[in-house]
Amino acid sequence: MPIATPEVYNEMLDRAKAGKFAYPAINVTSSQTLNAALRGFAEAESDGIVQISTGGAEFLGGQYSKDMVTGAVALAEFAHIVAEKYPVNIALHTDHCPKDKLDGYVRPLLALSRKRVEAGPDPLFQSHMWDGSAETLADNLEIAQELLEQARAAKIILEVEITPTGGEEDGVSHEINDSLYTTVEDAIRTAEALGLGEKGRYLLAASFGNVHGVYKPGNVVLRPELLKELADGVSAKFGKAAPFDFVFHGGSGSTEQEILTALENGVVKMNIDTDTQYAFTRPVADHMFKNYDGVLKVDGEVGDKKTYDPRTWGKLAESSMAARVVEAAQNLRSAGNKIK
């Protein structure tokens, strides 16, 4: 199947919301990690989301120019070709983009997709994220309104983060404190500014104690039940049931019960990066340690080409990361739920 059309992406999200499951959103930084993600979704029989952060796009753009738009466009175009060989629907998304990178990342990509749509084809990406969590909520929502209108015109869904996720990702960092919990008032202000679908569809990254990076279960206090409070508060004011499509950020180390509670309360997308990074790198490290004298020209020897050939260890990395994607799809209950 090809990359999801706007219509298919909306159907994916609607099915997840109705079925109380979520799609793993896997960060990729290369054609290898992209193939690993696609393979994992296919093996799990799960539709899914592949996403590129600003740092990932810069890396993809090459270290000579470090151009984020070039990197993101190049991998997206590659994905449009290779995804046709996988029997699942895949949406392309851009991850966290703060205010100082909008003009160098999301706005040019929105403009590019709008030109595509006006000429007849579908947008290059299916959704983009605006991370205004470092701004005041008023400024955050003002920018979100502008971006939502541009996204709607390009048949793209916008993701907004209205309050902070703790930890650090691609240079955006927040302390771990009480500000990591979105309030009902925050959610109501968001609905007032962005509407509840009539101004364009958006995904909402609300905070319930989430933290980016590596941590063990119990080190961070997650309150996924808070999502129900937010939805109920907005529903009571605006008369719309299940008003938001929630996103779960900073999920590494979450317990099974925390994930299930989040699913029951409206999460349709869960970002996964830390765990898949490790899954990709771990077998590479193992290979290098076990084949030290083969991958290096020790004491003037020639080494063993079969062990330092990138395809040798690259296949191990792909297989390991794909298995972690399968595990994520199973945890989020999207496994076996692909659109037929």
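Anything mentioned here points back to the structure above.
The rules behind the values
Residues numbered from 1 in each chain as written. Predicted model: local features only at pLDDT ≥ 70, side-chain atom pairs only at ≥ 80, totals over all residues. Heavy atoms only, no water. Helix = DSSP H or I, 4+ residues; strand = E, 2+ residues; numbered from the N terminus. Contact = heavy atoms within 4.5 Å. Expected span 1.5 Å × (residues − 1). Buried < 20%, exposed > 50% of the residue type's maximum accessible area, 1.4 Å probe, protein only. Arc of directions from axis to C-beta. Pairing = 2+ DSSP bridges. Salt bridge = Lys/Arg side-chain N within 4 Å of Asp/Glu carboxyl O. Phe/Tyr/Trp six-rings, centres within 6.5 Å; stacked < 30°, edge-to-face > 60°. Lys NZ or Arg CZ within 6 Å of the ring centre and 35° of its normal.

Participant: Talk me through the side chain of T190; I want residue IDs and the actual numbers.
Facilitator: Turning to its location among the elements, T190 is positioned in helix α7 (residues 184-194). Apart from residues no more than four positions distant in its own chain, T190 is found in contact with L141, I162, G195, Y202 and L204.

Participant: Quick rundown of helix α5 (residues 106-119)? Include the residues and the values.
Facilitator: When the terminal C-alpha atoms of α5 are compared, their 20 Å separation across 14 residues agrees well with the 20 Å that a helix rising 1.5 Å per residue should span. Among the residues of α5, those classed as buried are V106, L109, L110, S113 and V117. Viewed along the axis of α5, the buried residues span an arc of 100°, placing them on a single side of the element. Set apart from the buried face of α5 by more than 90 degrees, the exposed residues are K115, E118 and A119.

Participant: Give a description of the pairing of strand β8 (residues 202-205) that names residues and reports values.
Facilitator: Consecutive side chains of a regular strand alternate in pointing toward one face of the sheet and then the other. Burial of β8 is two-sided: the residues Y202 and L204 facing one way and the residues L203 and A205 facing the other way are all buried. Looking at chain direction, strand β5 (residues 157-161) and β8 are connected through 4 bridges and run parallel. For E159, the partnering residue across the bridge sits in β8 and is L203. Two strands pair when backbone bridges link them, and β8 and strand β9 (residues 245-248) are joined in this way by 2 bridges, in the parallel orientation.

Participant: Describe helix α13 (residues 310-331), and please don't skip the residues or the numbers.
Facilitator: With 22 residues, α13 extends 31 Å from end C-alpha to end C-alpha; this agrees with the ideal 32 Å at 1.5 Å per step. Three or more residues of α13 are buried, namely W313, G314, A317, M321, A322, R324, V325, V326, A328 and A329. Those residues of α13 that are buried lie in contact with β1 (23-27), α2 (31-44), β10 (267-272), α10 (274-290) and α12 (305-308). Backbone geometry just after α13 places R333 at a positive phi near 65°.

Participant: I'd like a description of the pattern of salt bridges, backed by residues and values.
Facilitator: Overall, the coordinates contain 19 salt bridges when judged by the stated rule. Ionic pairing is found between E264 and R333, a salt bridge with its closest N-O pair at 3.0 Å. On the criterion of sequence distance, the pair formed by E264 in helix α9 (residues 256-264) and R333 in the segment after α13 is long-range, its members being 69 residues apart. Exposure remark for E264: the relative accessible area of 40% places this residue in the partly exposed category. Bridged by salt links that share partners, the residues D14, K17, R201 and D245 form one connected network.

Participant: Could you give an account of the packing of aromatic side chains, with specific residues and numbers?
Facilitator: What the rule picks out here adds up to 4 aromatic pairs. Between Y202 and F244 the ring centres are 6.5 Å apart and the planes differ by 55°, which places this aromatic pair in the tilted class. In this pair, Y202 sits in strand β8 while F244 sits in the loop between α8 (226-238) and β9, placing the two residues 42 residues apart along the sequence. Grouping residues by exposure puts Y202 and F244 together as buried. Between F208 and F248 the ring centres are 4.9 Å apart and the planes differ by 70°, which places this aromatic pair in the edge-to-face class. Linking F208 in the loop between β8 and α8 with F248 in strand β9, this pair joins segments that are 40 residues apart in sequence. Here F208 and F248 have matching classes, each one buried. Ring-pair connections join several aromatic residues into one group, and the members of that group are Y202, F244 and F246. If you follow K237 out to its NZ or CZ, it ends over the ring of F238, 5.9 Å from the centre.

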